[in-house]
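Per-entry structural report
Spelled out from the first residue to the last, the chains are:
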Amino acid sequence: MAAVAPLKSYLRRPALRAAAHSGPIGLAATLSFRNSQVKKWGSICTTYGERLPAIRLEERRRVRCTAEGMERGLFVGRKEEGGFVAAERLKVVALVAAVMCLCNADRVVMAVAIVPLAAKYGWSTAFLGIVQSSFLWGYMFSSVLGGALVDRYGGKKVIAWGAALWSLATLVTPWAANHSTNSLLAVRAFFGLAEGVALPAMNHLLSRWFPNHERATAVGLSMGGFQLGNVVGLVLAPLLMQSIGISGPFVLFTALGLLWLVTWSFKVTNDPQECGSISKSELWLIQAGKADSSVIKGSPPSLRHLLSKLPTWAIIFANFTNNWGYFVLLSWMPVYFKTVFDVNLKQAAWFSAVPWGTMALSGYIAGAASDYLIKSGYSTTSARKIMQSIGFIGPGIGLLCLNYVRTPTIAAVFLTVALSLSSFSQAGFLLNMQDIAPQCAGFLHGISNSAGTLAAIISTIGTGYFVQWLGSFQAFLTLTACLYFATALFWNLYATGERVF
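Within the protein, the regular secondary structure consists of 21 helices and 2 strands. Looking at the protein residue by residue over its 501 residues, the buried ones come to 57%. By sequence separation, contacts in the protein at least 24 residues apart represent 81% of the contacts at least 6 residues apart. Split by element, the accessible area of the protein, about 20,700 Å² in all, is 65% carbon and sulfur.

Encoded structure:
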């Protein structure tokens, strides 16, 4: 509606009305709108309202009303005989959020299960870091390969194969732990290898299925599912282990993964143009809402060319820092609460779960806020810099405040603030890959994710050695805060929302 209303006022002028009747060339030469969305939707509505009078009046009204309604937001569907039908892109983002939830739930179960496993096998604190980081060994190697596969074969197949393989690895993890330490490390590395394709595939699918002014919201919803996976894993794992045994949560999440896989195979396509059930109005909305740069064809840039530009390094450093802090908190929060505040495993899981739950909500808020900024006239560059600054400076301050807490409740509050604000990065560097390199965003995501995975390995192992060496988590958390601040400065100096490649 917002895009169509200005069009109506322009078309009241006789010269413009005549240009509309003269054909698309005359109309393009006469109309000059500042907002690209108005131009694209204007051409669609003018086509149906002015240039094709032979179409039935009822059909013109139905298409226009549906398109205007869907322009208002992601959650608007269409009415058909027999009831209300949800927008196809809403179904896509719901299934993407579901698999991201399972992806993280499968991953975080080990952060809980490692406590009784360490007690059973007598593992040292330093060795806990090695076990936790073994997932990242495979994850680092599959990021670049997964990104390249996504660019070539599309997100649907790649994430489906990834989910099947990581579900299998989840199922055999308890057996591997009982068999030998080497078996456990190998299975965890294979698990990471399968999960490394998830984020590039998510970004690819959402860039195809959502117009630019909804993409940050879609990513926020999907990553909200990812963070809810932490909550699900941290809350259910202790309960299932107490009632069934250590294998309980691993079996449950494997079954859920296979159920999702069946649904995904029949309900989702790589591109909205391949979807047989999508309405014409929704397809037009998606196509009209994409920047011209995202559909320009040409040879993809070489790795050397990609790495020669500072905006690429801004993304790489942002991913490095984001994963450094994220995996420190993901892998060590239950141990942190158990060690520093002497709470039991079940309480530690709850204290650890609360921050992730709020992070899921704040990720959606960040996406909606970013889309609002762009709709309000802010440049893409400004929106990305604002969101990323909040996503780094906020967590840095929150981690510094942990130096002064004395109770687990207050610690949980500061961790909640830190993680909630870190989710604003989802509307920063995570979206920026499609901004600067739409043709090879999957490959760029793989490169930056490999750097982020290296950071996660260093920080996960480093935390264990720091705690064993100094007897405290505080020094490492302070180091992480300083890294947040330094990267925020680099990002604001060199990041851009314009196409570079």
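Looking now at the packing of helix H10 (residues 198–209) against helix H20 (residues 441–470). Their axes nearest at 9 Å, the elements H10 and H20 cross at an angle of 150 degrees. When the axis of H10 is compared with that of H20, the two are roughly antiparallel. Here H10 and H20 pass one another in a crossing that is right-handed. Residue-level contacts link Leu199, Pro200 and Asn203 of H10 to Gly442, His445 and Asn449 of H20. Broken down by class, the residue content of the contact of H10 with H20 amounts to 2 nonpolar, 4 polar and no charged.

Side chains of Leu310, Trp313, Phe317, Leu489, Leu493 and Tyr494 sit close together on the surface and give an oily, nonpolar patch of about 560 Å² of accessible area. Residue position: phenylalanine 317 is located in helix H15 (residues 310–341).

Let us look at the pattern of salt bridges. Summed over the entire model, instances satisfying the criterion amount to 6 salt bridges. Close ionic contact of arginine 215 with aspartate 435 constitutes a salt bridge, the shortest N to O distance being 3.3 Å. Of the two residues, arginine 215 is situated in helix H11 (residues 212–243) and aspartate 435 in helix H19 (residues 429–436); the sequence distance between them amounts to 220 residues. For arginine 215, a relative accessible area of 7% puts it in the buried group. For aspartate 435, a relative accessible area of 8% translates into the label buried. A cluster of three or more residues bridged by salt bridges with shared partners is formed by Arg89, Glu214 and Glu282.

Within soluble globular proteins, side chains that are nonpolar generally end up buried alongside one another. Core analysis: the biggest nonpolar cluster contains 122 residues, and Met100, Met202, Trp260, Trp264, Tyr336, Phe337 and Leu399 have the highest contact counts within it. Broken down by element, the residue count for this core peaks at 19 residues, all from helix H6 (residues 88–121). Leaving out residues up to four positions away in the same chain, methionine 100 has contacts with Ala198, Leu199, Met202, Ser222, Met223, Gly225 and Phe226.

Moving on, we get to the side chain of aspartate 106. Relative to the helices and strands, aspartate 106 is located in helix H6. Buried charge without a partner: aspartate 106 forms no salt bridge, and the closest opposite charge is arginine 188, 8.5 Å away. In terms of polar contacts, aspartate 106 uses its side chain to reach the side chain of tryptophan 166, at 3.0 Å. For aspartate 106, the contacting residues outside a window of four places in its chain are Trp166, Thr170, Arg188, Phe191, Glu195 and Phe253.

Next up on the list: the packing of aromatic side chains. In total, this model carries 10 aromatic pairs according to the counting rule given. Between phenylalanine 135 and tyrosine 139, the ring centres sit 5.3 Å apart and the planes meet at 35 degrees, which makes this aromatic pair tilted. Within this pair, phenylalanine 135 and its partner tyrosine 139 are both found in helix H7 (residues 125–153), separated by 4 residues, close to a single helical turn. By relative accessible area, phenylalanine 135 is classed as buried at 2%. Consider the rings of phenylalanine 317 and phenylalanine 490, whose centres lie 4.9 Å apart with planes at 75 degrees: the pair is edge-to-face. Residue phenylalanine 317 is located in helix H15, and its partner phenylalanine 490 is located in helix H21 (residues 474–494); the two are separated by 173 residues in the primary sequence.

A word on helix H9 (residues 181–195). Between its first and last C-alpha atoms H9 spans 21 Å; for 15 residues at 1.5 Å apiece the expected length is 21 Å, and the two agree. Buried residues of H9: Ser183, Leu184, Leu185, Val187, Arg188, Ala189, Phe191, Gly192, Ala194 and Glu195, and no others. Contacts from the buried residues of H9 go to H6, H7, helix H8 (155–179) and H10.

Turning our attention to the confidence of the model for the protein. Taken over all residues, the pLDDT of the protein has a mean of 77, while the share at 70 or more is 78%. Mean pLDDT values over the elements of the protein span from 40, in helix H3 (residues 24–30), up to 93, in helix H17 (residues 380–401). Every residue in residues 292–296 is under pLDDT 50, and counting partners more than four places away or in other chains gives 6 contacts.

Another point: the environment of serine 302. Within the fold, serine 302 resides in the loop between helix H13 (280–288) and helix H14 (303–307). Between the C-alpha atoms of serine 302 and phenylalanine 501, which are 199 residues apart in sequence, the distance is 9.8 Å. At a separation of 3.1 Å, a polar atom in the side chain of serine 302 contacts the main-chain amide nitrogen of histidine 305.

The next thing to look at is the packing of H7 against H20. Two quantities define a packed helix pair, namely the angle between the helix axes and the distance between the axes. The interhelical angle for the contact between H7 and H20, taken along N-to-C directions, is 175 degrees, at an axis separation of 7 Å. Put simply, H7 runs roughly antiparallel to H20. Taken together, the residues of the contact of H7 with H20 sort by class into 17 nonpolar, 14 polar and 1 charged.

With that settled, the discussion passes to the environment of glycine 398. Checked against the element boundaries, glycine 398 lands in helix H17. As a C-alpha pair, glycine 398 and leucine 421 span 23 residues in sequence and 9.2 Å in three-dimensional space. Excluding residues that lie within four positions of it along the chain, glycine 398 makes contacts with Phe414 and Ala418.

Rules used in this analysis
- Here the residue index of a chain counts from 1 through its sequence in written order.
- At least 70 in pLDDT is required for a residue's local features to be given in this predicted model, at least 80 for side-chain atom pairs to be given and counted, and no such filter applies to totals for whole chains, interfaces and linings, which use all residues.
- Side-chain metrics rest on all non-hydrogen atoms present in the structure, leaving aside hydrogens and water.
- Only runs of H or I of at least four residues qualify as helices and only runs of E of at least two qualify as strands under DSSP, and these elements are numbered from the N terminus.
- Each residue is assigned to one of three classes by its accessible area relative to the maximum for its type, calculated with a 1.4 Å probe on protein chains only: buried under 20%, partly exposed between the two thresholds, exposed over 50%.
- Only heavy atoms matter for contacts: two residues are in contact if any of them lie within 4.5 Å across the pair.
- Here the Shrake-Rupley method, with its probe set to 1.4 Å, supplies the accessible areas, and only the displayed protein chains count as covering residues.
- As a rule, the C-alpha atoms of each element are fitted with a line to give its axis, helices using only the stretch in contact, and angles between N-to-C directions run from 0 to 180 degrees.
- Any angle that falls under 35 degrees is termed roughly parallel, while one over 145 is termed roughly antiparallel, one within 65 to 115 roughly perpendicular, and all others oblique.
- The hand of a helix crossing depends on one turn: near helix anticlockwise from the far one by less than a right angle means left-handed, and clockwise means right-handed.
- The classification used treats Ala, Val, Leu, Ile, Met, Phe, Trp, Tyr, Cys and Pro as nonpolar, Asp, Glu, Lys and Arg as charged, and all other residues, Gly among them, as polar.
- Only residues above 30% relative accessible area that lack a salt bridge enter a patch, with like-charged residues linked at up to 9 Å and the nonpolar side chains Val, Leu, Ile, Met, Phe, Trp and Tyr linked at up to 5 Å.
- Here a salt bridge means any side-chain nitrogen of Lys or Arg lying within 4 Å of a carboxyl oxygen belonging to Asp or Glu.
- Residues belong to one nonpolar core when they are buried, are Ala, Val, Leu, Ile, Met, Phe, Trp, Tyr or Cys, and are joined through side-chain atoms within 4.5 Å.
- Within this scheme the basic residues Lys and Arg register as positive and the acidic residues Asp and Glu register as negative, but His and the chain ends are omitted.
- The definition of a polar contact used here is a pair of N or O atoms within 3.5 Å, where within protein one atom must be able to donate a hydrogen and the other to accept one, and adjacent residues in sequence count solely through side-chain atom pairs.
- Paired rings are identified among Phe, Tyr and Trp, the last through its six-membered ring, by centres lying within 6.5 Å, and are further divided according to the angle between planes into stacked (under 30 degrees), edge-to-face (over 60) and tilted (the rest).
- Expected span of a helix, by definition, is 1.5 Å for each gap between consecutive residues, and there is one gap fewer than residues.
- Here pLDDT means the predictor's own confidence in every residue, given as a number from 0 to 100.

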